[in-house]
Amino acid sequence: MSEREETRRIQFTGKSSYIVSLPKQWIMELGLKQGDQITITREGRSALKIIPSKDQTKSSQGEEAVLEITREDNNAAIVRKLVSLYFLGYKTIQIKPKGDRLQPGQRTAIKSAVKGMLMGAEIISDSVDGITIQVLVNLLELTVDGAFKRMLHLAKSMLKDALLAVREANLELAKEVIDSDDEVDRFGFYIIRQLKIAIQNEYMLHEMGFTNARQCLGYRLIVKNIERTGDHAVLIAKDLLEFKESVRVDAMEKIEDLNDFAISVLDQACLALFKEDFAQAEKAIEKASELSKYEKKIIESVKAIKDEEEAYRIRRMAENIARIAEYASDIAEIVLNMNVEKLLRKRP
């Protein structure tokens, strides 16, 4: 049984009351004493939640946020504030006009952000007098690992589709890749929200599978690298939309080989993350050092191309994919830092 769990027997004390004792260490750690009040809340059919009354006000304040905006506030600034409140873990966010009414453009920006960026968020009230947003998702229904795996899969699919779009000069597929980036960001925002909640709440930290807050920081850096992976897929897709034609087949094959290599390093680094495996992370870093071999092949193929515009496009695609292999190496280094203590010899 962990230090966060205790088994206590319920005792009957009268006609309508039962009592249960609490561990002395818990009481001392929370700074409570005899006579202090606690609030007991029933959650669903099978759970009870106990909160010291002195913390009840602080807890309830974290449930709801009210954001006042003026006519002069631009849409981008409003969305940034909304995303920040989502990160902080508020379950209800009210956006109200300050001394006026919400402008049509402001309302549209807010609704688009909720739909396209904030996973689990729904608008429950919408008028010129204000918008109320509620985060309905249960944090434990989609775990950090679960969200990260879906985010990773989506980012890799974007890369594959971006290169396929270039090979086939498929503009519609390129547009789909660009649209998919919003979904990658939604998973990223959701994970960041969970991590911030975990850092502030020790119980949630352990429920999400973390042993300490430092792991949350590591995950935050890794999520950023996956977001960037999606961004590079978007850059490749935008290149096609700009030039509207493919590149020569021999160069495309070398670029695809580079992409396969970058994805293999990324998979190895992320596998090390999921397994908490220091040795696997070391292998990913060693593998990433082979990047220059693939880059040289592309450089050699570009030398024979007389069309400067095409040569430029090939180099730019290669640079985008090479950055992904570098991100994978960064992820592996973060995994090393997260798991290095496992290598220390335990004292007898």
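Just so you know, these numbers come straight off a predicted model, no measurement behind them.

K.L.:
Hey, could you run me through helix H6 (residues 171-200) in this one?
P.N.:
One full turn of an α-helix is made of 3.6 residues, so residues set three or four places apart face in the same direction. Here H6 is 30 residues long and its end C-alpha atoms lie 45 Å apart, about the 44 Å a rise of 1.5 Å per residue gives. For H6, the N-terminal capping position is held by Asn170, with its side-chain oxygen 3.2 Å away from the main-chain nitrogen of Glu172.

K.L.:
Help me understand the state of the cysteines, please; the structure alone is not making it clear to me.
P.N.:
Evaluated as defined, the whole model comprises 0 disulfides. Cys216 takes part in no disulfide bond, and the closest cysteine sulfur, belonging to Cys270, lies 17 Å away.

K.L.:
I tried to follow the confidence of the model for the chain on my own but got confused; where do I start?
P.N.:
The predicted coordinates ought not to be read in detail in places where the model reports low pLDDT. Across the chain, pLDDT averages 88, with 92% of residues at or above 70. Across residues 55-61 the pLDDT falls below 50, and counting only partners more than four positions away or on other chains, this stretch makes 4 contacts in the model.

K.L.:
When you look at the pattern of salt bridges in this model, what are you seeing that I'm missing?
P.N.:
Any two side chains of opposite charge can pair, on the condition that their charged atoms come close. Considering all chains together, one arrives at 15 salt bridges under this definition. A salt bridge links Glu326 to Arg323, with the shortest nitrogen-to-oxygen separation between them at 3.4 Å. With Glu326 and Arg323 both in helix H12 (residues 308-339) and 3 residues apart, the pair spans about one turn of that helix. We classify Arg323 as partly exposed; its relative accessible area is 38%.

K.L.:
Explain helix H11 (residues 291-303) here, please?
P.N.:
Between the first and last C-alpha of H11 there are 19 Å, a value that for 13 residues agrees with the 18 Å anticipated at 1.5 Å per step. Within the span of H11, buried status applies to Leu291, Tyr294, Ile298, Ser301 and Val302. Burial along H11 is one-sided: seen end-on, the buried residues are contained in an arc of 105°. Residues of H11 that are exposed and angled more than 90 degrees away from the buried face: Lys296, Glu300 and Lys303.

K.L.:
Explanation requested: the sheet that holds strand S8 (residues 130-135) in the structure shown.
P.N.:
Strands pair in a sheet through their backbones, by hydrogen bonds, and they do so in one of two ways: parallel or antiparallel. On the basis of which strands lie adjacent, the open sheet formed by 4 strands has the order S5-S6-S8-S7 and mixed pairing. Each of the sheet's edge strands pairs with one partner strand only, and the pair in question is strand S5 (64-69) and strand S7 (121-127). Direction aside, the axes of adjacent strands within the sheet are offset by 15° on average. Pairing analysis gives 6 bridges linking S7 to S8, with the strands arranged antiparallel.

K.L.:
Honestly, a negative patch on the surface in this entry has me stumped. Any pointers?
P.N.:
Together, Glu245, Asp307, Glu308 and Glu309 make up a negatively charged patch on the protein surface. Locating Glu309 in the fold gives a position in helix H12.

K.L.:
When you look at the packing of helix H10 (residues 278-288) against H12 in this model, what are you seeing that I'm missing?
P.N.:
Two quantities define a packed helix pair, namely the angle between the helix axes and the distance between the axes. Between H10 and H12, the least distance of the axes is 9 Å, while the angle of their chain directions is 155°. As the angle between them shows, H10 and H12 are arranged roughly antiparallel. For the element pair H10 and H12, the recorded crossing hand is left-handed. When H10 is examined against H12, the residues Phe278, Ala281, Glu282, Ala284, Ile285 and Ala288 are found in contact with a partner set consisting of Ala325, Ser329, Ala332, Glu333, Val335, Leu336 and Asn339.

K.L.:
Got a minute to help me understand the packing of aromatic side chains in this structure?
P.N.:
Working definition: an aromatic ring pair is given by the centre-to-centre distance plus the angle between the planes. For the structure shown, the criterion picks out 6 aromatic pairs. Considering the side-chain rings of Phe148 and Tyr219, the 5.9 Å spacing of their centres and the 90° angle between planes classify their relative orientation as edge-to-face. Of this pair, Phe148 sits in helix H5 (residues 144-168) while Tyr219 sits in helix H8 (residues 213-243), placing them 71 residues apart in sequence. By relative accessible area, which is 0% here, Phe148 ends up buried. Measuring from ring centre to ring centre gives 5.6 Å for Phe210 and Tyr219, while their planes differ by 80°; the resulting arrangement is edge-to-face. An aromatic cluster is built from Phe148, Phe210, Tyr219 and Phe274, whose rings are joined through pairwise contacts. Residue placement shows Arg193 over the ring face of Tyr86; its charged tip is 5.0 Å from the ring centre.

K.L.:
What is the right way to read the nonpolar core from this model?
P.N.:
The nonpolar side chains of a soluble globular protein tend to be buried, and buried together. The biggest cluster of nonpolar side chains holds 100 residues, and the ones touching the most others in it are Leu82, Ile133 and Phe148. Take this core: its biggest share by element is 14 residues, from H12. Ignoring any residue separated from it by four or fewer positions in sequence, one finds Leu82 in contact with Ile93, Ile95, Ile110, Ala113, Val114, Leu118 and Ile133.

Here is what the cut-offs are and how they apply
- Residues numbered from 1 in each chain as written.
- Predicted model: local features only at pLDDT ≥ 70, side-chain atom pairs only at ≥ 80, totals over all residues.
- Heavy atoms only, no water.
- Helix = DSSP H or I, 4+ residues; strand = E, 2+ residues; numbered from the N terminus.
- Expected span 1.5 Å × (residues − 1).
- Polar contact = N/O pair within 3.5 Å; in protein donor to acceptor, adjacent residues only side chain to side chain.
- Disulfide = S-S within 2.5 Å.
- pLDDT = per-residue confidence, 0-100.
- Contact = heavy atoms within 4.5 Å.
- Salt bridge = Lys/Arg side-chain N within 4 Å of Asp/Glu carboxyl O.
- Buried < 20%, exposed > 50% of the residue type's maximum accessible area, 1.4 Å probe, protein only.
- Arc of directions from axis to C-beta.
- Pairing = 2+ DSSP bridges.
- Axes fitted to C-alpha atoms, helices over the stretch in contact; angles between N-to-C directions.
- Patch = residues over 30% accessible without salt bridge, like charges linked within 9 Å, V, L, I, M, F, W, Y side chains within 5 Å.
- Areas by Shrake-Rupley, 256 points an atom, 1.4 Å probe, with all protein chains shown as cover.
- Lys, Arg positive; Asp, Glu negative; His and termini not counted.
- Charge placed at Lys NZ, Arg CZ, Asp CG, Glu CD.
- Parallel < 35°, antiparallel > 145°, perpendicular 65-115°, else oblique.
- Left-handed = near helix turned anticlockwise from the far one by under 90°.
- Phe/Tyr/Trp six-rings, centres within 6.5 Å; stacked < 30°, edge-to-face > 60°.
- Lys NZ or Arg CZ within 6 Å of the ring centre and 35° of its normal.
- Core = buried A, V, L, I, M, F, W, Y, C linked by side-chain atoms within 4.5 Å.

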